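Here is what each chain is made of, one letter per residue.
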Amino acid sequence: MYMDYDASTPRALATEAVHAGREDLAELGLHAPPIDLSTTYPSYDTRAEAARIDEFATTGARLDGPPVYARLDNPTTARFEAALARLEGADDAVAFASGMAALTAVLLVRASLGLRHVVAVRPLYGCSDHLLNAGLLGTEVTWTDPAGVADAIRPDTGLVMVESPANPTLAEVDIRALAHACGSVPLLVDNTFATPVLQRPVEEGARIVLHSATKYLGGHGDVMGGVVACDDEFARALRQVRFATGGVLHPLAGYLLLRGLSTLPVRVRAASATAAELVRRLATDPRIARVHYPRVGGAMVSFEVYGDPHDVIAGVRLITPAVSLGSVDTLIQHPASISHRIVAEGDRRSAGVSDRLLRMSVGLEDVEDLWRDLTQALSAPPAETVRAPRAADDSAAPSRPVGR
Ligand SMILES: *Cc1c(COP(=O)(O)O)cnc(C)c1O
């Protein structure tokens, strides 16, 4: 029957984005995916349930039929997982309540095997850096650059972790070369910034691909989630850890993330084109000291200003001054104050996160409107004079609103 999905027929990413995880809908007589909010699933056959629970406990494999209890699995979230795995070119994917819950589960899978040492390349997202550096999960980290990874690996190394492009400097690593340097140690690539639209790390040798689904996958700033795309064996271990530790994604979030995937290629390509144009203009702007933009492209732009970065944040009117990224609207934030505040100042600076660096997530607005807002914010008078008008001449105080 032509409706049956044949995995051997290659389909373009844009096609997969709207069809993966939904192949059975027409046969079910549905168009939109159903949302299953059940926390428990009835069964009159306790012997069969016991056998299924044993099966999950020993293999971690997804159960055929109802999930017994919502901490094991959820049919709506499973659709999102299947779709994301397809987009990343991975066997499977396992979703979590947030990106940080996803990273936690990966670390616990490795630590449970006694492999508590992690080799990581800075910069990473501030909270990922913090989780590793503080050893909150009983892991130990060695920070190095990509060229130092092979030498940093020890017998108890369970994971090599990188972001490419990295948050917030957009620094990139050669994933293929790094995967080679890792040998048998799994390489985790946080692909939150590039998304599978621009880069598929599994094809370059990464064993584990992590997303903060809160960002581009959801795409509208209204859903928090995390997901790991990986091989079957690692996915089974992740499902067991997720069951035992409980960092599950809510099914409504699973629904929204699946819906987000359907427009992911269109959103990423449109926002990337706008970002590239803004980069072109920023690069020749005398107020800008340096622009960071990765070779892989994308909708994230970082730049260092000669002036006070806090004044730029205080000066935007159309662009939203907020942490996070990957939404339909443009966001700007100051990493040294917000996203990377939890990283010690010295570590931040040595990772290239300058105090003058601003990180902008370009959305779907018109490029001219964004440029107009950015350029007026870059010319904003120093915030001090706004907040403290001179007593002798109050009329000198600008009339624009402050404190936004
Ligand atoms: C936001 C982010 C995370 C953390 O994800 P949450 O969904 O906020 O828990 C991890 N990695 C990167 C690159 C991020 O930007």
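The notes below deal with the structure included here. (Residues numbered from 1 in each chain as written. Predicted model: local features only at pLDDT ≥ 70, side-chain atom pairs only at ≥ 80, totals over all residues. Heavy atoms only, no water.)

## Comments concerning the sheet that holds strand β10 (residues 320-321)
- Across the sheet, five strands lie side by side as β8-β9-β12-β11-β10; this open sheet has mixed pairing. Since the sheet does not close on itself, it has two edges, and those belong to β8 (288-292) and β10, each with one partner.
- The sheet contact formed by β10 and strand β11 (residues 331-333) spans two bridges and is parallel. From the neighbouring strand, Thr320 faces β11, where its bridge partner is Leu331.
- Each of β8, β9 (300-305), β11 and β12 (357-361) is contacted by helix α13 (residues 367-378), which is oriented at about 20 degrees to β9, the strand it contacts most. (Pairing = 2+ DSSP bridges. Helix = DSSP H or I, 4+ residues; strand = E, 2+ residues; numbered from the N terminus. Contact = heavy atoms within 4.5 Å. Axes fitted to C-alpha atoms, helices over the stretch in contact; angles between N-to-C directions.)

## Digging into the sheet that holds strand β2 (residues 117-121)
- Pairing in this open sheet of seven strands is mixed, and the strands run β1-β7-β6-β5-β4-β2-β3 from one edge to the other. Lying at the two open borders of the sheet, with one neighbouring strand each, are β1 (92-96) and β3 (140-144). Pairwise comparison of adjacent strand axes, ignoring direction, gives a mean angle of 20 degrees for this sheet.
- Relative to strand β4 (residues 157-163), β2 runs parallel, the two sharing four bridges.

## Some remarks on the nonpolar core
- Of all hydrophobic cores here, the largest spans 54 residues; its most connected members are Phe80, Phe303, Ile332, Met360 and Leu374.
- Per element, the largest residue contribution to this core is eleven residues, and it comes from helix α10 (residues 251-283).
- Listed in part, the 26 residues of the second largest apolar core include Leu132, Val141, Leu210 and Cys230. (Core = buried A, V, L, I, M, F, W, Y, C linked by side-chain atoms within 4.5 Å. Buried < 20%, exposed > 50% of the residue type's maximum accessible area, 1.4 Å probe, protein only.)

## Things to note about the environment of Glu140
- The residue Glu140 is located in strand β3 in this model.
- Between the C-alpha atom of Glu140 and that of Val68, which follows or precedes it by 72 residues, the distance is 36 Å.
- Those residues in contact with Glu140 that lie beyond four places of it in its chain are Arg116, His117, Val118 and Arg154.
- At 3.0 Å, the side chain of Glu140 and the side chain of Arg154 are in polar contact. (Polar contact = N/O pair within 3.5 Å; in protein donor to acceptor, adjacent residues only side chain to side chain.)

## Thoughts on the side chain of Arg281
- Looking at where Arg281 falls in the secondary structure, it is placed in helix α10.
- Taking the relative accessible area as the measure of exposure, Arg281 reaches 18% and is therefore buried.
- Looking at Arg281, its side chain comes within polar contact range of the side chain of Glu277, at 2.7 Å.
- Here the side chain of Arg281 touches Glu368 through a polar contact of 2.9 Å, side chain to side chain.

## With respect to the state of the cysteines
- All told, the structure shown has zero disulfides when counted by the stated rule.
- Not part of a disulfide, Cys230 finds its nearest cysteine sulfur in Cys182, a span of 16 Å.
- Its relative accessible area of 2% is what places Cys230 among the buried residues. (Disulfide = S-S within 2.5 Å.)

## Points about the site of the ligand
- With respect to spatial proximity, 15 residues lie near the ligand, and among them Met100, Asp190, Ser212, Thr214 and Lys215 are the closest.
- At a separation of 2.9 Å, an oxygen atom of the ligand approaches a polar backbone atom of Met100.
- Within the shell around the ligand, the residues separate by chemical class into five nonpolar, seven polar and three charged. (Near = heavy atom within 4 Å. Nonpolar A, V, L, I, M, F, W, Y, C, P; charged D, E, K, R; others polar.)

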